[in-house]
Amino acid sequence: MSVRRPFEQSYYPPVPTPLTKAMRTNWVWQFVRFIVINIRMLRMVRMH
Amino acid sequence: MARLVILGAGIAGHTAALHARRKLGEDHEVVVVSPNSRWNWIPSNIWVGVGVMTPEQVTFPLAPVYEKTGVIFRQARAVSLHPEGDEGAARPYVMVESTEPGKSGARERVEYDYLINATGPRLQFDATEGLGPEKNSLSVCTAGHAAQASEALDEAVGRMRHGEQQSFLIGTGHGTCTCQGAAFEYLFNLEFELRRRGVRDRARIVWISNEHELGDFGMGGTFIRRGGYLTHSRVFTESLYTERGVEWITRAAVKQVDRGEVHYETLDGREESIQADFAMLLPPFSGVGLRAFDRDGAEITESLFAPSNFMYVDGQYAKKPYEEWLPSDWPETYRSPRYDNIHAVGIAFAPPHPISRPMFSPSGTPIYPTPPRTGMPSAVMARQVAFNIVDKMEGREGTTRTASMARMGAACIASAGASTLRGTAVSMTVYPIIPDFQKYPDTGRDIRYTSGEIGLAGHWIKHLLHFAFMYKAKARPFWTAIPE
Ligand SMILES: Cc1cc2nc3c(=O)[nH]c(=O)nc-3n(C[C@H](O)[C@H](O)[C@H](O)COP(=O)(O)OP(=O)(O)OC[C@H]3O[C@@H](n4cnc5c(N)ncnc54)[C@H](O)[C@@H]3O)c2cc1C
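If you're wondering where the values come from, they're calculated on a predicted model, not measured in any experiment.

1. Re the overall build of chain B
For chain B, the helix and strand inventory stands at 9 helices and 24 strands. For a compact globule of 484 residues, the expected C-alpha radius of gyration is about 23 Å, and chain B comes in at 22 Å, within 12% of that figure. In terms of its C-alpha atoms, chain B occupies a principal-axis envelope of roughly 65 × 55 × 45 Å. Relative to its full complement of 484 residues, chain B shows a buried share of 61%. Within chain B, contacts between residues separated by at least 24 positions form 68% of all contacts whose residues are at least 6 apart in sequence. Accessible surface, chain B as shown: approximately 19,300 Å² in total, 50% of it carbon and sulfur. Of the side-chain charges in chain B, 51 are positive and 55 negative, and the distance between the mean point of each set is 5 Å.

Quick look at the structure:
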């Protein structure tokens, strides 16, 4: 992550905690997300 | 016997050709006219641009697929439309110019009963001085451009390994660009790749775009329900840029690209410059510049095509302010209002207006994204139009299928780093693509179907989609089971 200094553009946005970042590449959790995202996308496809 | 001619073999044209051929009886013809001999899964070009795929992995030759499926293929560029024929020809026709080796430049008339214009964009590098791979910046719009970007990246990494600092500028190369999503993907793949190659600490990476805020993506941004709040995509996007150490410049129109330096104007009227040892800047898009003539040879291009060279279809093109834009302005059947046997799909049709609010600098420079037409809606409208035409060719009176972007959702996976175990991608669904502030007054979209998250799962899906869409485009067994 970049160095965050007051009043710079990168000072204000929320940044993920170490846990949030770890979960993004946690294989077990991401396998669950894989299924959820696929269901969401299929729902979108079926709307056409 | 009737003949359907499709101009363009990209995502839209190829989809229309395969579906029409599959549905039509043997006595009808489907002809595809396209200047490239190879099909390109354009979304994977960003991976070619960082060296994780080769151009051969994202393209394949079209001729064998068309031979297998019974589609007639002309490797040629359409030049002009003659929807009423002419003195010597009673049937409507398209004048095409061969791009086949050995026949290059030879002209031929291709007669049609039904025509689909799916010619996609002209990459308008000439709209900005110094822009483009033949001048001072790079692109990932074609597999060839992306391969060139990858070579430039290797050179930059080589310099960094020798201790040099390098500045990377990624984004849009003009005030009216679209396709910010593609530049976003390239930005984060590049950042990921520099980390993977161990040189990230020697790189300054800056994003530049014509968006009013980060996370606009040409669709006016979107709201997502997360952690008890409805949060704008700007917040999530700024968060990702901050996390990955990328600076950003928004509300900017690039005016000139020199070697090593890029000049831009901002929405508040400032003229600025930024150093860029490596600049990947997308060009603005226009239509490919087809002309049209009536039976007497008088030019009628202006009545078929908008000034942007995109083709008028059944949208509401009367100019009106942002506050009065309606979802019903967007086309449904993609039929030309002047000739009902001509259609335009994918990027080739003229949108009635942008999706993001138009903004102008004090000197009048337009600085706002023009509307994106991504792969999924392009393919869906192509399929629907193909089915409608098939019905007509076979003499069936059925209900006309529609594919309005105001009643269509989009699923989009934006890669943020390619690796089976450590990669990530942003997975988004948006419904509807065109915001409907009458139906959804707060956010313009249905929050139940609008979502976004980043993670490894997105990368797996993006990678699987690469193989699924290449398989489908090759018309391999059961290709119709893979949705558009
Ligand atoms: C780098 C990049 C990444 C992208 N990533 C994604 C993504 O992840 N997801 C997504 O949904 N969308 C993505 N897009 C957008 C997507 O590629 C387009 O929406 C899609 O290609 C549009 O399809 P099309 O058929 O209208 O145009 P194209 O796919 O561009 O096809 C146009 C066809 O017309 C042909 N043609 C051109 N001129 C003529 C002529 N005069 N006569 C006959 N034929 C002609 C061309 O050769 C081509 O075959 C990306 C775009 C880019 C540039």
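Okay, back to it.
2. A word on the side chain of Ser209(B)
Of note, Ser209(B) is situated in the loop between strand E11 (203-208) and strand E12 (223-226). Filtering out sequence-adjacent residues up to four positions away, Ser209(B) remains in contact with Thr172(B), Ile249(B), Thr250(B), Arg251(B) and Ala252(B).

3. A short note on the packing of helix H2 (residues 27-46) of chain A against helix H9 (residues 456-473) of chain B
For the pair H2(A) and H9(B), the least separation of the axes is 8 Å and the interaxial angle reads 55°. On the basis of the axis angle, H2(A) is oblique to H9(B). As for the relative orientation of H2(A) and H9(B), their crossing is right-handed in sense. Between H2(A) and H9(B), the contacting residues are Trp27(A), Gln30(A), Phe31(A), Arg33(A), Phe34(A), Ile37(A), Asn38(A) and Met41(A) on the first element and Leu456(B), Ala457(B), Trp460(B), Ile461(B), Leu464(B) and Leu465(B) on the second. Its residues placed into classes, the contact of H2(A) with H9(B) shows 11 nonpolar, 2 polar and 1 charged.

4. Observations regarding the packing of helix H1 (residues 11-23) of chain B against helix H8 (residues 375-393) of chain B
Residues and elements named next belong to chain B. For the pair H1 and H8, interaxial distance at closest approach is 8 Å and the crossing angle is 35°. As H1 runs across H8, the sense of the crossing is right-handed. Every residue of H8 that contacts H1 at Ile11, Ala12, Thr15, Ala16, His19, Ala20, Arg22 and Lys23 is listed here: Gly375, Ser378, Ala379, Ala382, Arg383, Ala386, Phe387 and Val390. Classifying every residue of the contact of H1 with H8 by side-chain character gives 9 nonpolar, 4 polar and 3 charged.

5. Some details on the sheet that holds strand E16 (residues 260-266) of chain B
All names here are of chain B. Reading across the sheet, the 3 strands line up as E15-E16-E17 and stay open at both edges, with antiparallel pairing between neighbours. Each having just a single partner strand, strand E15 (252-258) and strand E17 (271-276) make up the two edges of the open sheet. Each strand axis lies, on average, 30° off the axis of its neighbour in the sheet, ignoring direction. In this structure, E16 lies alongside E17, joined through 6 bridges in antiparallel fashion.

Quick notes on the rules
- Residues numbered from 1 in each chain as written.
- Chains lettered and ligands numbered in written order.
- Predicted model: local features only at pLDDT ≥ 70, side-chain atom pairs only at ≥ 80, totals over all residues.
- Heavy atoms only, no water.
- Helix = DSSP H or I, 4+ residues; strand = E, 2+ residues; numbered from the N terminus.
- Rg over C-alpha atoms; globule rule 2.2 N^0.38 Å.
- Buried < 20%, exposed > 50% of the residue type's maximum accessible area, 1.4 Å probe, protein only.
- Contact = heavy atoms within 4.5 Å.
- Areas by Shrake-Rupley, 256 points an atom, 1.4 Å probe, with all protein chains shown as cover.
- Lys, Arg positive; Asp, Glu negative; His and termini not counted.
- Charge placed at Lys NZ, Arg CZ, Asp CG, Glu CD.
- Axes fitted to C-alpha atoms, helices over the stretch in contact; angles between N-to-C directions.
- Parallel < 35°, antiparallel > 145°, perpendicular 65-115°, else oblique.
- Left-handed = near helix turned anticlockwise from the far one by under 90°.
- Nonpolar A, V, L, I, M, F, W, Y, C, P; charged D, E, K, R; others polar.
- Pairing = 2+ DSSP bridges.

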